[in-house]
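# Descriptive analysis of the structure
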2 protein chains.
Amino acid sequence: MADSTPNEPSPADPAAAWRGRRRRQDHGTKREAVIRSAARAFDQRGYHNTSLDDIAAALGVTKPTIYYYVANKKQLLFECFLAGLEPIRNALRRAEQTPGSGRDRLREVIRDYALAIASEYGWCMVRAEHQDLGPELSAQVRALKSEIDRGIRRLLQAGINDGSIAVADTRLAAFAIAGALNWIAHWYRSGRSLTSEDVAEAFVQFLEHGFAPRADSDQGRRAGRPG
Amino acid sequence: MADSTPNEPSPADPAAAWRGRRRRQDHGTKREAVIRSAARAFDQRGYHNTSLDDIAAALGVTKPTIYYYVANKKQLLFECFLAGLEPIRNALRRAEQTPGSGRDRLREVIRDYALAIASEYGWCMVRAEHQDLGPELSAQVRALKSEIDRGIRRLLQAGINDGSIAVADTRLAAFAIAGALNWIAHWYRSGRSLTSEDVAEAFVQFLEHGFAPRADSDQGRRAGRPG
């Protein structure tokens, strides 16, 4: 937090939403700051070891202020999950509306998926436990995850149909892709030498081509024949 | 457990180790039965919801009998982790001693890794939390996981050296491979239409070739040129 400018709210410091000239920030910005701050705290200390007091303190506000934006800690965890998922859902929506081969469109979704998991929301998206959310929110999480899974399978199938993708089973391929990407939350820590963009690019390449060398990448791209 | 034969100990029923003609089973077999039964219980009910009494009851023995084989529940979780890891460590040892390209040897390790994660030990290997183990056993788990990671990276590097593998970064490729495989523990349930062998075969194929079609698989295998 030391490197942020007090008057400019930035991703680096959610507390800035309550400071200086920006005191009259709109509700949406402040709510986002609460969620971002919570995501960071859950990631660092775990959900059970983080209180709403901790989150309020990190933002320099009181606990009632937090309650103005979310009903309880459970909902806060759910909002963190949603915030992390949003760019993936947007990427899938864009992919559905964009012309191009299934492979080209899947590549873009994988890139945004990797960036989302490598973000501060990655922990909430992958490592938060369903039992922490209670049955109702947990069911919503399952439905949203299933929506992402179906979106990836649709792109795989579109690629199979247009000859740009060759997988034997879209369900298992979607699980392999999601598994490789979700696992990023287990090992990636930001602020080290590897940027989230580096990770995203490496994962796009690996998931597209695997570990086998390409005989001829241009040829491979044109041919569209399953091996 | 209904479909097992009382006198024949089988993977389907660890309790058989204490029954009938086999009463004088050796210590190793019974210990293994305790560990297998625990792995199954942890997977089904979670670690915190399973007591040593539950495990003893499932085996038809008393709790002191369990203590004859393991010191406590924590050690039991660690033993489940070890039992699941053993086939992967064996596969890596075999790979180190076997001639052949890096790609061929990595393929065999991936197959055994997938089978291990799809086994009843998968939950303990992937989803058990480090904090449940305490600092000492947790450090051992980290060391063992790191051993597997290094083994996979060595095979990737061997394949790069002999031209059978093309990845830009062995560390990230090893994370992608492990992530896809570890995630199997999140979605796979045995006893349905998909066997663990089906899953292993599909994952070997996907991780080797990705979702892009191969221009010519034979050519690709011989060429060894990174794309």
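Within every chain, residues take consecutive numbers counted from 1 along the sequence as written. Lettering for chains starts from A, numbering for ligands starts from 1, and both go in the order in which the items are written. Where local features are concerned, this predicted model is filtered to residues with pLDDT of at least 70; where side-chain atom pairs are given and counted, the filter is 80 or more; whole-chain, interface and lining totals use all residues. Neither water nor hydrogens contribute to the side-chain values; these are computed over all heavy atoms in the structure.

## Some remarks on the overall build of chain A
Secondary structure counts use DSSP, requiring at least four H or I residues in a row for a helix and at least two E residues in a row for a strand, with both numbered from the N terminus. Summing up its helical and strand segments, chain A has 11 helices and zero strands in all. Seen in sequence order, chain A has helices and strands lined up from the N terminus as α-α-α-α-α-α-α-α-α-α-α. When accessible area is computed with a 1.4 Å probe and restricted to protein chains, residues below 20% of their type maximum are described as buried, those above 50% as exposed, and intermediate ones as partly exposed. In chain A, which comprises 227 residues, the proportion classed as buried is 52%. Excluding contacts between residues fewer than 6 apart, the proportion of contacts in chain A whose partners are at least 24 apart in sequence is 61%. Calculation of accessible area relied on Shrake-Rupley with a 1.4 Å probe; when residues are assessed, cover is drawn exclusively from the protein chains displayed. Surface summary for chain A: the accessible area is close to 10600 Å², and the carbon and sulfur share equals 48%. Any two residues whose heavy atoms approach within 4.5 Å at even a single point are treated as in contact.

## Focus: helix α1 (residues 27-45) of chain B
Residue and element names in this part refer to chain B. For a helix, the expected span equals 1.5 Å multiplied by the number of residues minus one. Taking 1.5 Å as the rise per residue, α1 with 19 residues should run 27 Å; its terminal C-alpha atoms sit 27 Å apart, in good agreement. The complete set of buried residues in α1 reads Lys 30, Ala 33, Val 34, Ile 35, Arg 36, Ser 37, Ala 38, Ala 39, Arg 40, Ala 41 and Phe 42. Close packing links the buried residues of α1 with α2 (52-59), α3 (63-69), α4 (73-97) and α6 (122-126). Think of a polar contact as two N or O atoms within 3.5 Å of one another; within protein, one of them needs to be a possible hydrogen donor and the other a possible acceptor, and neighboring residues in sequence only count if both atoms come from side chains. Regarding α1, its N-cap is Asp 26, as a side-chain oxygen of that residue lies 3.1 Å from the backbone nitrogen of Gly 28 further along. One or two steps after α1, the chain reaches Gly 46, where phi turns positive at roughly 85°.

## Let's talk about the packing of helix α5 (residues 102-117) of chain A against helix α10 (residues 196-209) of chain A
All names here are of chain A. Angles here are taken between N-to-C directions and fall from 0 to 180 degrees, while the axes themselves are lines fitted to C-alpha atoms, restricted in helices to the stretch in contact. With their axes 8 Å apart at the nearest point, α5 and α10 run at an angle of 140° to one another. Looking at the two axes, α5 sits oblique to α10. In terms of crossing hand, the pair formed by α5 and α10 is right-handed. Between α5, through Arg 103, Arg 107, Ile 110, Arg 111, Ala 114 and Leu 115, and α10, the contact on the second element is made entirely by Ser 196, Glu 197, Ala 200, Glu 201, Val 204, Leu 207, Glu 208 and His 209. By the convention adopted, Pro, Cys, Tyr, Trp, Phe, Met, Ile, Leu, Val and Ala count as nonpolar, Lys, Arg, Asp and Glu as charged, and the other residues, Gly among them, as polar. In the contact of α5 with α10, the residues fall into six nonpolar, two polar and six charged. To sort the angles, those under 35 degrees are grouped as roughly parallel, those over 145 as roughly antiparallel, those from 65 to 115 as roughly perpendicular, and the leftovers as oblique. Should the near helix be turned anticlockwise from the far one by less than a right angle, the crossing is left-handed, and should it be turned clockwise, the crossing is right-handed.

## Let's talk about the layout of surface pockets
Residue and element names in this part refer to chain B. A cavity here means a set of points on a 1 Å grid, drawn over the protein atoms and nothing else, where a 1.4 Å probe fits but cannot get out; a pocket is an open set with protein on both sides within 12 Å along at least five of seven lines, and a residue lines either one if it has an atom within 4 Å of a point. Grid points are joined across faces, edges and corners, and a volume is the space filled by probe spheres set on the points. Put simply, the second largest pocket is a space of about 440 Å³. Every residue lining the second largest pocket is counted, 19 residues in all, and those nearest its centre are Ala 118, Ser 119, Glu 120, Tyr 188 and Ser 190. The element best represented in the lining of the second largest pocket is α1, accounting for three residues. For the lining of the second largest pocket, a count of residues per class yields six nonpolar, seven polar and six charged.

## Looking at the pattern of salt bridges
Two side chains of opposite charge can pair, provided their charged atoms sit close to one another. Residue and element names in this part refer to chain A. Any Lys or Arg side-chain nitrogen located within 4 Å of an Asp or Glu carboxyl oxygen qualifies as a salt bridge. Counted by the stated rule, this structure contains 34 salt bridges over all chains. The closest approach of N and O atoms between Glu 108 and Arg 111, which form a salt bridge, is 3.8 Å. Here the residue Glu 108 and the residue Arg 111 both occupy positions in helix α5, the gap between them amounting to three residues, near one helical turn. Look at the salt bridges and you will find they share partners, linking Glu 32, Arg 36, Arg 40 and Glu 120 into a network.

## Topic: the packing of α1 of chain B against α4 of chain B
Residues and elements named next belong to chain B. It is at 9 Å that the axes of α1 and α4 come closest, and there the two elements cross at 95°. Judged by the angle between their axes, α1 and α4 are roughly perpendicular. Two secondary-structure elements touch here, α1 through Arg 31, Val 34, Ile 35, Ala 38, Ala 39 and Phe 42 and α4 through Lys 73, Gln 75, Leu 76, Leu 77, Glu 79, Cys 80 and Ala 83. Grouping the amino acids of the contact of α1 with α4 by side-chain chemistry returns nine nonpolar, one polar and three charged.

## Looking at the environment of Gly 163 of chain B
All names here are of chain B. For Gly 163, the position within the fold is in the loop between α7 (134-162) and α8 (170-182). Overall, the relative accessible area of 18% leaves Gly 163 in the buried class. Along the primary structure Gly 163 and Thr 62 are separated by 101 residues, whereas in three dimensions their C-alpha atoms are 57 Å apart.

## As for the side chain of Ser 164 of chain A
Relative to the assigned elements, Ser 164 of chain A resides in the loop between α7 (134-162) and α8 (170-182). Every residue in contact with Ser 164 of chain A, bar those within four places of it in the chain, is listed here: Ser 101, Gly 102, Arg 103 and Gly 159 of chain A together with Phe 211, Ala 212 and Pro 213 of chain B.

## Structural notes on the packing of aromatic side chains
Geometry of aromatic contacts follows a simple scheme: Phe, Tyr and Trp rings, the Trp one being its six-membered ring, pair when their centres are within 6.5 Å, and the pair is stacked under 30 degrees between planes, edge-to-face over 60, tilted otherwise. As enumerated under the stated definition, the model contains 10 aromatic pairs over all chains in all. Both rings, one in Trp 187 of chain B and one in Phe 203 of chain B, keep their centres 6.2 Å apart while their planes meet at 20°; by these two values the pair is stacked. Of the two residues, Trp 187 of chain B is situated in helix α9 (residues 184-187) and Phe 203 of chain B in helix α10 (residues 196-209); the sequence distance between them amounts to 16 residues. With respect to burial, Trp 187 of chain B and Phe 203 of chain B carry one shared label: buried. Against the face of Tyr 47 of chain A rests Lys 73 of chain A, its NZ or CZ located 4.3 Å from the ring centre. In this scheme, the term charge over a ring applies when either NZ of a lysine or CZ of an arginine sits within 6 Å of the ring centre and within 35 degrees of the ring normal.

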